[in-house]
Every structure is written in structure tokens, then in C-alpha cells.
Amino acid sequence: VRYGDQAVRQGHGGETHQVAGDGRPSLTTQQGTIVGDDQNSLRIGERGPTALEDFHFREKIFHFDHERIPERVVHARGYGAHGFFETYAPLTELTKADLFQREGERTPAFVRFSTVAGSKGSTDLARDVRGFAVKLYTREGNWDLVGNNIPVFFIQDAIKFPDVIHAVKEEPDRGFPQAQSAHDNFWDFASLMPESTHMLMWIMSDRAIPRSFRFMEGFGVHTFRMVNAQGRSTFVKFHWKPKLGLQSVVWNEAVKISGADPDFHRRDLWDAIQQGNYPEWELCLQVFDDEFADRFRFDVLDPTKIIPEEELPVRRVGRLVLDRMVDNFFAETEQVAFCTQNIVPGIDFTNDPLLQGRNFSYLDTQLKRLGSPNFTHLPINAPKCPVASFQQDAHMTTVNPTTRANYEPNSWEPEIGGPREDPERGFHSYPAEEAGAKRRLRPESFADHYSQARQFYVSQTPVERQHIADAFVFELSKCDRVDIRSRMVAGLRNVDDELAVAVAAGLGLPELPDPLPAAREPIRDLPP
Ligand code: HEM
């Protein structure tokens, strides 16, 4: 049953039997009782009080009162669509993942695009990272590639995630600014965290204000593994490249559009798909082995670094097509739950400390947001392959084991004993060797925070560089503390002096500060 059809629920025999005279379904309560009057509550006398026995009124108001669920703690504003992923050619040498085994194989997909910082009702055109979360309903389980439209991240270690998000969201005492990188707290944090510099360059560039979702790249960010049937592991970085090419709007356009049509991006996706202009992205892989990883100048586990495509070209392995809007925004887009831990045999994790932290975080927050561990039963989250487990009960259960045994191992015959683990076809973690003392120190290989920021800046055209400088000036001008502005410019001196000078001049700083020390750790204990 699709969502649209659920407005008329089916009766015992599958028939829809409560139909009013003109052929429309009769309005009923949640219990199926036909409602005779939906305009007036039950009252005593002509102008008297409302009667407690008005079950229709009571149920209607009760349900309305509970409509809201918590918005996502990040990526609250989002827009989703259905489609499919089509494999160009088998990738058996790289992975045993079922979706990559057959040429032309189509795997159903659901994608949710989002902004990170703003609340559910914020404007689409904010200067922000965009989420690019893809759920692939493969024959061997759901694989979620929960990416962004920028290939690097602000922080190297997930333990800093609450800090970066607190710093970018509204300030706790005054409750503003919302969804803006334009305030003291954000710049205070960013200027104390040199590891965020590379990401800042992307955020202040035109990349951060896409023309629409259809003109946006996507990145898995982390290094992942692919594992083939022989158990050989290869490192891989995932990229989505839009067939329409990459396009952005400039800041002046973004400001106007935000005022005139804050739904500009979602309207664009809705219109395109409804008109049959189905947007497409190609899945591109950067594939490399241990030898490449050892020789690469940066640590492939560091999520603040890219592997330049000039050094490691991408391989196009399939296409993602979005061809159907949701039937119901809340049921699908709002209740979809992506998780980096949703992987399938043939894909595996690496030790990227941001990825490891994400693996822990998503389930937790989704339990809070959706209210029950049974959110996996919701049609948008349920796999489209057989599911058989002994997990049971909890709030809102719709699917429970139907066998007598609900534990494993058991010695019952199959009809009563239920499912069994399957060593041959099941998921086995790649047996990477790990050893060492427990420690909290960042590895030395994560220490260079500026080289790739510089590489990004110098790769831009003069016009794009000007936009970066203008964005820094605009956003930093909303930061009242001059010492924070100055510290940020001091960091930019490690990126490019032309940029630092332009930003200092734009902000009217009395003098150009000395470059920050090339810090390996967050900067602490500075005098105010
Ligand atoms: C949500 C991407 C880092 C925690 C999301 C979403 C995306 C995303 C696309 C939206 C999913 C949706 O549309 O429903 C990323 C990327 C990251 C990153 C690419 C870094 C490379 C982190 C980290 C944490 C985290 C480090 C925490 C340790 C969350 C949480 C949500 C979320 C709690 C809300 C999920 C929900 O309520 O369903 N992330 N994220 N993310 N992310 Fe991340």
C-alpha cells in the first residue's frame, strides 16, 4: 500500500467500504466510525459548554497536539526523492556487494538533500554545507551513503562534533543568529581550530550556494573499503557527479532568492521531477591500495583532506536517477533515517575517527527523533529484501518474529526455529590488523591544516577568489569581537597572503596580524 492510498484504509476483506453518496470516501475517526458532523463540536444547549463525551473532537485535537516530532539535530531542513541506481559494469574485482555484480542492475534509491545548520523552516539558499544522503535498497540489505556536497569536513575527530554544531547554530543566550556562519561563536571556534581551515575555504566559496540540488556534487568524504569475494580489500572514496554539471549562484542572488522564495531548491527539484526532467548523478570511485595510501602526502584517514583527482582519477561506475517525488513529505522525507553503519557485504569502514564517531551517533539520535527502535519498520526505512531477525517488541511494533523460538541458537525445526546466521553469505568485517596503546593524541600525519586549503584557493579563478574574500569579509563583519576577526586573518595568512590582505582590508583591520603558528592541536588559552 503506498502512502497516498492510505487515506482510504482497507477494510477486513481488502475492500474500501465506507463510501459517501458522491463516491468519495466517508470521513471516519481513527477507529473507523463514520463522522456525521466535522464542523461543530458536541455542545449542551445553544450556547453551552462542550461535552466531554465528544470522542471525535477529543481524538482529532489529541492527534493534532502530537503532530510534531523533534527536528533533526543537524540537517533539519531537507528534501527527498525516489529513484534508482544503475550499475554500468560489474565491479567483481573490487567488491562482492550485490548491487555492483551485474551490468544494468537497477537498485531502488531514496535521496535526501539538506542544509546542516538551519532549522526545518530555514531558507534553502543559506551559505552552508548540503547533505547528500543516499539510501540504496539492495538485494542484500540497505546501504546508506550519507554524504555532503563538500568533500572535506570541519573536524578530524567526532568528539568535536557537538562543539562545531553548537558554534554554528544560534547562540544559547540570545537564540540567534540562525543558520548563519556570521557570528562571534562560529568564528571564535573556527579560528581556534586550524583543522577547519580547508573546509572554511569551501564554505566561503561559491560551492556553498548551489544553484539547485540538481547542480551539486556529492561526496562520501571518508575513505571506505571495498572487499571482493576473495577477501581482498581496496580503499575507495565515493563521489557523485551531476550530469547537469556544477553550478552555483552568487551571494547577491542568494540573498534576493532567500527573501523572495526560501523554498527555491525544493521547488526546483519538485518541478523538475514532475516535468519529467529527472536529475542524474554518476557514482565515481577513487580506488587505491595500501601502497598509494602510504605514499600519499596526507593521511587517507583524515576527513579534512581530499585526494586530488589529478593524482587519482575517478572511475565512473553507475548512475543515480531521481524520477519520483514522495507521496507524503512527513512519512518519507521526514521519517527517513540514514546511518553510516548501514552497509552491506562487500563494503566496509576504515579507521577515520570521524566515520567511527558517526557510526555511533546516528542510531542514538534517530531513536530520540522517531521515538522507537522500530523506525526500521517504516516503509521508507524498511529494506526491500527479506528481513528475518529475533528482534522484537518495543513501541509501535508492526513486525515481530512469528516462530516459537525467538533466540539463537535453537534446536527447533525451521518452521518453528526461525532464521539462522549464514557464514557464507553474511557480512564479515574485514580483518584489518589493529594494535597499539590507548591514547588520545592526534596522529602526526593529521597535522598539516593549511596545504590543502591553499591548494583549493589557488585552484580558483580570479573571480572565484574574489568571491571567497568577499564572503570572509561579509561573514566576519558580523562578528563583533575584533580579536576574533584578527585571529581568523592570522590563520588565513597560512593559506594565502593575497587572501589575508584582502580580508584584513575589507574588515578595516588596523594592521595585518602575524600568521598563526602552524598549530597541530586546537589553539587554547589565548588572552581575550
Ligand atoms: C545527519 C552527513 C558528520 C551526526 C546527517 C545527514 C547527512 C550527514 C547528509 C542528514 C541525513 C538525512 O538527510 O536524514 C554528514 C557528513 C559528515 C557528518 C558527510 C562528515 C563527513 C557527522 C558527525 C556526527 C554526525 C561527526 C556525530 C558524531 C549526525 C546526526 C544527524 C546527522 C546526529 C541527524 C540524523 C537524524 O536525525 O536522522 N549527517 N555528517 N554527523 N549527522 Fe552527520
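In case you missed it, the structure is sitting above this.
Residues numbered from 1 in each chain as written. Predicted model: local features only at pLDDT ≥ 70, side-chain atom pairs only at ≥ 80, totals over all residues.

Moving on, we come to the overall build of the protein. Within the protein, the regular secondary structure consists of 14 helices and ten strands. By principal-axis analysis of the C-alpha atoms, the protein measures approximately 80 × 70 × 45 Å. Within the protein, the fraction of its 528 residues that count as buried is 37%. If you take every contact in the protein between residues at least 6 apart in sequence, the share linking residues at least 24 apart comes to 70%. (Helix = DSSP H or I, 4+ residues; strand = E, 2+ residues; numbered from the N terminus. Buried ≥ 20, exposed ≤ 12 C-beta atoms within 10 Å, placed from the backbone. Contact = placed C-beta atoms within 7 Å.)

Bringing helix α3 (residues 184–192) into the picture now. Those residues of α3 that fall on the buried side of the exposure criterion are Phe186, Trp187, Phe189, Ala190, Ser191 and Leu192. On its buried side, α3 packs onto α2 (161–168), α4 (197–203), α12 (462–477) and α13 (482–492).

Around the ligand sit 28 residues, and of these Arg72, His75, Arg112, Gly131 and Ser361 come closest. Listed by contribution, the elements that provide at least two residues to the shell around the ligand are β2 (106–115), β3 (130–138), β4 (141–148) and α9 (353–370). With eight residues, the top contributor of residues to the shell around the ligand is α9. Its residues placed into classes, the shell around the ligand shows 14 nonpolar, ten polar and four charged. (Near = placed C-beta within 6 Å. Nonpolar A, V, L, I, M, F, W, Y, C, P; charged D, E, K, R; others polar.)

Let us look at the packing of α3 against α13. It is the contact of α3 with α13, at a shortest axis distance of 9 Å, that shows an interaxial angle of 40 degrees. The element α3 and its partner α13 pack so that their crossing is left-handed. Residue-level inspection shows Asp184, Trp187, Asp188, Ala190 and Ser191 of α3 in contact with α13, the latter providing Ile484, Arg487, Met488 and Gly491. Across the contact of α3 with α13, the residue classes tally to four nonpolar, two polar and three charged. (Axes fitted to C-alpha atoms, helices over the stretch in contact; angles between N-to-C directions. Left-handed = near helix turned anticlockwise from the far one by under 90°.)

As a further point, take α9. The first and last C-alpha atoms of α9 sit 27 Å apart over 18 residues, in line with the 26 Å expected at 1.5 Å per residue. For α9, the set of buried residues is Pro353, Leu354, Leu355, Arg358, Gln366 and Leu370. Gly371 sits one or two residues past α9 and shows a positive phi near 95 degrees. (Expected span 1.5 Å × (residues − 1).)

Of all ten residues that make up β2, eight are buried, and the element is covered over most of its length. Note that strand β1 (residues 77–87) and β2 share ten bridges and pair antiparallel. Directly across from Glu86, in β2, lies its bridge partner Arg106. Here seven bridges tie β2 to β3, and the two strands are oriented antiparallel to one another. Each residue of the ladder has a partner; that of Phe113, found in β3, is Phe132. (Pairing = 2+ DSSP bridges.)

Glancing now at the pairing of strand β8 (residues 280–288). Note: strand β7 (residues 233–242) against β8, eight bridges, orientation antiparallel. Considered in β8, the bridge of Lys237 is made with Gln286.

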